[in-house]
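Each chain is listed here by its residues.
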Amino acid sequence: MSAGSCFAQHISRYLRQGGFNALVTEPPHELLAPDVATAWNYGTYTARYGNIYVPRQLHQLFQRAYGTFTPKEDIWMEGDRAIDPFRPQIQPNGFTSRKELELDRQQHFSAVRKAFEELDFFVFTLGLTESWISKEDGAIFPLCPGVSGGVFDPALHRFHNFTAEEITGDMRAFISDLRSVNPSAKIILTVSPVPLVATASGHHVLAATTLSKAVLRVACQTLTDTIKNLYYFPSYEIVTGAHNRFEYFEDDLRSVKKDGVANVMRVFLRRMTDGNVPHAESPKVRRFAESKDALKLICEEESLDAAARSGS
């Protein structure tokens, strides 16, 4: 099972190409056209939960799926359309009604429970420390309300930049809950090398990115040093290290080039597997690495840049 920021989408794709069983518990209906299924986020991750940027959002997904946490602000209505505040871009134009969203959410939570209970390995890519929180009950939104649905209200919503201690605590809480339903679960943590596209911290986005990645890396090290069957894979270091002279980024200095992604996954398949199958250098994996599909990502965070440019 894989989850996390947009960079995490590479993990499941390459595992499939390498012949591994990338768990999918929420497949599209057999009559749904492949391009529509992709647009509706089927197959992007194990279940249709979209990008998960901070560990508290991950933990709350677990709690919501098992019925131990129900956010008060759980549906945004846009006329007759209904948008899931916790999956705001999961379905273009939202759901046709509140009832449709509620039924889809029931199915989704069933798929999430199945995934947590059946996984062998859980690969989680930490992407951000910045988030937007409900003042009513602490619910975490993947995007600021008002960007892809809902309305931002300073009386109801607040910005929060998580510390290393908070990130560590939220991951410990999630791991404890995960292993309560799947005691043998093994976990691999990575940090996304993709810089922030925008920040609400009040600092320059470069400084905000440096802080965010440092916090996430410290948290990962603290966790792997103290929890069994928990591992760290250095995708962040492979892409951003000075040894590659910044050649793994596109001209926008944010998007990771095809060669960078391919190298990260080549090392991942070589070092994080038993090596009994020639998956790392298989022709199928090499062809995929050169294809356009290798770089197709669904990044909700890019909506923040669009909103900033429009002045909203």
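Okay, the overall build of the chain next. Helix and strand content of the chain: ten helices and nine strands. Residue pairs in contact within the chain that sit at least 24 positions apart in sequence constitute 70% of those at least 6 positions apart. Summed over its atoms, the accessible surface of the chain is roughly 14,500 Å², and 53% of this surface lies on carbon and sulfur atoms.

The next subject is the packing of aromatic side chains. Tallied over the full model, the rule gives 14 aromatic pairs. Connected via pairs of aromatic rings, a cluster forms that spans Phe 62, Tyr 66, Phe 116, Phe 122, Phe 124 and Phe 174. Just above the ring of Tyr 42 sits the side chain of Arg 48; from NZ or CZ to the centre is 4.4 Å. The cationic tip of Lys 186 hangs over the ring face of Phe 121; the distance from NZ or CZ to the ring centre is 5.9 Å.

The subject of this paragraph is unusual backbone geometry. The phi angle at Phe 246 is positive, at roughly 65 degrees, despite the residue not being glycine. Along the chain, the position of Phe 246 falls in the loop between α7 (235–240) and α8 (258–271). For Phe 246, a relative accessible area of 44% gives the class partly exposed.

This brings us to the sheet that holds strand β6 (residues 140–141). Strand order in the open sheet formed by three strands is β6-β5-β7, with antiparallel pairing between adjacent strands. Edge positions in the sheet fall to β6 and β7 (157–161), since each of these pairs with one other strand and no more. Note that strand β5 (residues 130–134) and β7 share five bridges and pair antiparallel. Counterpart to Ser 134 in the pairing with β7 is His 157.

Further remarks concern the side chain of Thr 125. Structurally, the position occupied by Thr 125 is in strand β4 (residues 121–126). Here Thr 125 falls in the buried class, since its relative accessible area comes to 1%. A distance of 2.7 Å separates the side chain of Thr 125 from the side chain of Thr 190, its partner in a polar contact.

Sizing a probe to match a water molecule and rolling it over the atoms shows the empty space that remains. In this structure, the largest pocket encloses a volume near 510 Å³. Surrounding the largest pocket, 21 residues form its lining, Leu 15, Phe 20, Asn 21, Asp 120 and Phe 121 being those nearest its centre. Residue assignment for the lining of the largest pocket shows that the elements contributing at least two residues are α1 (9–17) and β4. The residue inventory of the lining of the largest pocket, partitioned by class, reads twelve nonpolar, five polar and four charged. Space inside the second largest pocket adds up to approximately 440 Å³. Lining of the second largest pocket is provided by 20 residues; of these, Pro 195, Leu 196, Thr 209, Leu 253 and Arg 254 occupy positions nearest its centre.

Next up on the list: the sheet that holds strand β8 (residues 186–191). Sheet strands pair by backbone hydrogen bonding; their relative direction is either parallel or antiparallel. Pairing is parallel in the open sheet, where four strands are placed in the order β1-β4-β8-β9. Both edges of this open sheet fall to β1 (2–4) and β9 (230–232), since each of them pairs with a single strand only. Direction aside, neighbouring strands of the sheet carry axes that sit 20 degrees apart on average. Pairing of β4 with β8, which is carried by six bridges, proceeds in the parallel orientation.

Before going further, it helps to spend a moment on α1. Judged by how many residues are buried, α1 sits mostly within the fold: seven of nine residues are covered. Burial in α1 covers these residues: Gln 9, His 10, Ile 11, Ser 12, Arg 13, Tyr 14 and Leu 15. Looking one or two places after α1, you find Gly 19, whose phi comes out positive at around 90 degrees.

Before going further, it helps to spend a moment on α8. Compared with the 20 Å implied by 1.5 Å per residue over 14 residues, the 20 Å span of α8 between its first and last C-alpha is a close match. Turning to α8, its buried residues number three or more, namely Gly 260, Val 261, Ala 262, Asn 263, Val 264, Met 265, Phe 268 and Leu 269.

Here we take up the pattern of salt bridges. For the coordinates displayed, the defined rule picks out eight salt bridges. The closest approach of N and O atoms between Asp 104 and Arg 48, which form a salt bridge, is 2.9 Å. Note that Asp 104 is positioned in helix α4 (residues 98–118) and Arg 48 in the loop between α2 (34–39) and α3 (55–65), a separation of 56 residues in sequence. Judged by its relative accessible area of 10%, Asp 104 falls in the buried class.

Counting buried positions over the five residues of β5 gives five, a clear majority of the element. Residues Glu 130, Trp 132 and Ser 134 line one face of β5 and the alternating positions Ser 131 and Ile 133 line the opposite face, and both faces are buried. Two elements, β5 and β6, share two bridges in a ladder whose sense is antiparallel. Note on β6: the bridge partner recorded for Ile 133 is Ile 140. Adjacent in sequence and paired antiparallel, β5 and β6 are bridged by five residues, among which Gly 138 carries a positive phi angle near 80 degrees.

Calculation notes
Numbering of residues starts from 1 in each chain and follows the order in which that chain's sequence is written. Local features in a predicted model are, by the rule used here, given only for residues with pLDDT of at least 70; side-chain atom pairs are given and counted only at 80 or more, and totals for whole chains, interfaces and linings are based on all residues. Side-chain metrics rest on all non-hydrogen atoms present in the structure, leaving aside hydrogens and water. Only runs of H or I of at least four residues qualify as helices and only runs of E of at least two qualify as strands under DSSP, and these elements are numbered from the N terminus. By definition, residues are in contact when any of their heavy atoms lie within 4.5 Å. In this description, accessible areas are obtained by the Shrake-Rupley approach with a 1.4 Å probe, and a residue is regarded as covered only by the protein chains that are shown. The aromatic pairing rule takes the rings of Phe, Tyr and Trp, using the six-membered ring of Trp, and pairs them if the centres are within 6.5 Å, calling planes under 30 degrees apart stacked, those over 60 edge-to-face and the rest tilted. Both a distance and an angle decide whether a charge sits over a ring: NZ of Lys or CZ of Arg must be within 6 Å of the ring centre and within 35 degrees of the ring normal. Here the term buried applies to any residue with accessible area under 20% of the maximum for its type, exposed to any over 50%, and partly exposed to those in between, with areas from a 1.4 Å probe on protein chains only. Whether two strands pair comes down to DSSP finding at least two bridges between them. N or O atoms closer than or at 3.5 Å make up a polar contact, with two conditions inside protein: a donor-capable atom paired with an acceptor-capable one, and, for residues adjacent in sequence, both atoms drawn from side chains. Think of a 1 Å grid over the protein atoms and nothing else: a 1.4 Å probe that fits but is trapped marks a cavity, an open set flanked by protein within 12 Å on at least five of seven lines marks a pocket, and residues with an atom within 4 Å of a point count as lining. Grid points are joined across faces, edges and corners, and a volume is the space filled by probe spheres set on the points. Residues are grouped as follows: Ala, Val, Leu, Ile, Met, Phe, Trp, Tyr, Cys and Pro are nonpolar; Asp, Glu, Lys and Arg are charged; all remaining types, including Gly, are polar. An axis is simply a line fitted to the C-alpha atoms; with a helix, the fit covers only the stretch in contact. Between two such axes, the angle follows the N-to-C directions and lies from 0 to 180 degrees. Here the expected span of a helix is defined as 1.5 Å times the quantity of residues minus one. Salt bridges are defined as contacts in which a side-chain nitrogen from Lys or Arg sits within 4 Å of a carboxyl oxygen from Asp or Glu.

So, to be careful, I would describe these as geometric facts and stop short of saying anything about function.
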